[in-house]
Amino acid sequence: MKLRTALLSLAACSISFSSFADVTLNLPQSAELVLVNGVNAQGNATQTLHNGNNQIAFRYDKNYRENGDTHLFRSEVVVMTFSGNDATYTLQLPRISSEYQAQKFNRQPTLSLLASDGSEIPFKHDVLIKDGIQINRDFPQEIAQYNLSKAPAALASAITANEMQRAQQQVNPAEKNGQIDQAYITKMLNYWYNKADTATQQQFKTSINN
């Protein structure tokens, strides 16, 4: 009887300890997971992550009403990298109720990561851009290539061994026969132009017209 009680007490302690030995991430209903630390994911259930650096990729997926009509907004894939230890964090996304707000989020996503006391947690974020057809995207491969770069939210430790090998073997899709794909350049120019503020856009127009 004493042994059984001791084992139960030990198990309870283990459960209690494990609940404080990881990072818990709460997601809003409008966040639809794509990847968690380089592995395919879906849904918006609370995530239990390891201590240290973590990376998630998700879409803002939400219906909104404007002028009496219902619209579905499904954002580009947002990559978010953050670090934590034995803590609970909550991802917050801005309210979207118009096409203008939806397009603004796609151009320059705004989000917050809050600790349980309401304080803001530092993080890095970016958009996972893919040129061409968007159907049947290989997200583990895309994020592996992204994480091998110097992109803002890159996290090398999130690359699985298999994806690391595939990413290193694959030729940069923006290059064809040693030449940069002009369609890719056009897409990226449009992407960064739309992310710029009005003053920067005007400076760009002036520079190319000179």
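For the structure itself, look to the data block above.
Residues numbered from 1 in each chain as written. Predicted model: local features only at pLDDT ≥ 70, side-chain atom pairs only at ≥ 80, totals over all residues. Heavy atoms only, no water.

Peer 1: Lay out the overall build of the chain in plain terms, naming residues and giving numbers.
Peer 2: When you go through the chain residue by residue, the secondary structure sums to six helices and 12 strands. Buried positions account for 34% of the 210 residues belonging to the chain. A separation threshold of at least 6 residues defines the contact pool for the chain, and within that pool the share at least 24 residues apart is 58%. As presented, the chain carries roughly 13300 Å² of accessible surface, and 52% of it is formed by carbon and sulfur atoms. (Helix = DSSP H or I, 4+ residues; strand = E, 2+ residues; numbered from the N terminus. Buried < 20%, exposed > 50% of the residue type's maximum accessible area, 1.4 Å probe, protein only. Contact = heavy atoms within 4.5 Å. Areas by Shrake-Rupley, 256 points an atom, 1.4 Å probe, with all protein chains shown as cover.)

Peer 1: An account of the pattern of salt bridges is needed here, citing residue identities and associated values.
Peer 2: In a structure, side chains of opposite charge can pair up when their charged atoms sit close to one another. Under the criterion given, the structure shown has two salt bridges. A salt bridge links arginine 74 to aspartate 61, with the nearest nitrogen and oxygen atoms 3.5 Å apart. Remark: aspartate 61 occurs in strand β5 (residues 52–66) and arginine 74 occurs in strand β6 (residues 69–74); sequence separation between them is 13 residues. When its relative accessible area of 48% is taken as the criterion, arginine 74 is described as partly exposed. On the basis of relative accessibility, which here comes to 25%, the residue aspartate 61 falls in the partly exposed class. Residues arginine 137 and glutamate 142 are paired through a salt bridge, measuring 2.6 Å at the closest nitrogen-oxygen approach. Like glutamate 142, arginine 137 is buried. (Salt bridge = Lys/Arg side-chain N within 4 Å of Asp/Glu carboxyl O.)

Peer 1: Explain the side chain of asparagine 147 residue by residue, including any values.
Peer 2: Within the element layout of this structure, asparagine 147 appears in helix α3 (residues 139–147). For asparagine 147, a relative accessible area of 4% corresponds to the buried category. Of the polar contacts made by the side chain of asparagine 147, one reaches the side chain of glutamine 55; its length is 2.8 Å. Leave out the neighbours within four places in its chain, and asparagine 147 touches Gln55, Ala153, Ala154, Leu155, Ala156, Ala158 and Ile159. (Polar contact = N/O pair within 3.5 Å; in protein donor to acceptor, adjacent residues only side chain to side chain.)

Peer 1: An account of the pairing of β6 is needed here, citing residue identities and associated values.
Peer 2: When β5 meets β6, the two strands line up antiparallel, connected through six bridges. Within β6, the residue paired with lysine 62 across the bridge is phenylalanine 73. Turn length for the β5-β6 hairpin, with the two strands adjacent in sequence and antiparallel, is two residues, and the turn residue asparagine 67 shows positive phi of about 55°. (Pairing = 2+ DSSP bridges.)

Peer 1: Tell me about the nonpolar core, residues and numbers included.
Peer 2: Counting 26 residues, the largest nonpolar core has Leu25, Ile56, Phe58, Met80, Phe82, Tyr89 and Leu91 as the members making the most contacts within it. Among the secondary structure elements, those contributing two or more residues to this core are β1 (23–26), β2 (31–36), β5, β7 (77–84), β8 (87–92), α2 (99–107) and β9 (112–115). Looking at this core element by element, the count peaks at four residues for β5. Residues in contact with leucine 25, not counting those within four places in the same chain, are Thr46, Gln47, Leu49, Ile56, Phe82, Tyr89, Leu91 and Leu113. Counting residues in hydrophobic clusters, the runner-up holds 11 residues, among them Val34, Leu35, Val77 and Leu128. (Core = buried A, V, L, I, M, F, W, Y, C linked by side-chain atoms within 4.5 Å.)

Peer 1: Tell me what's going on with the packing of aromatic side chains, and back it up with residues and numbers.
Peer 2: Tallying each qualifying case throughout the model produces four aromatic pairs. When the centroid spacing of 5.1 Å and the interplanar angle of 85° are considered together, the rings of tyrosine 60 and phenylalanine 105 count as edge-to-face. Of this pair, tyrosine 60 sits in strand β5 while phenylalanine 105 is found in helix α2, placing the two residues 45 residues apart along the sequence. Judged by centre distance (6.2 Å) and plane angle (90°), the rings of phenylalanine 73 and phenylalanine 105 are edge-to-face. Taken together, the positions of phenylalanine 73 in strand β6 and phenylalanine 105 in helix α2 put the pair 32 residues apart, joining distant regions of the chain. (Phe/Tyr/Trp six-rings, centres within 6.5 Å; stacked < 30°, edge-to-face > 60°.)

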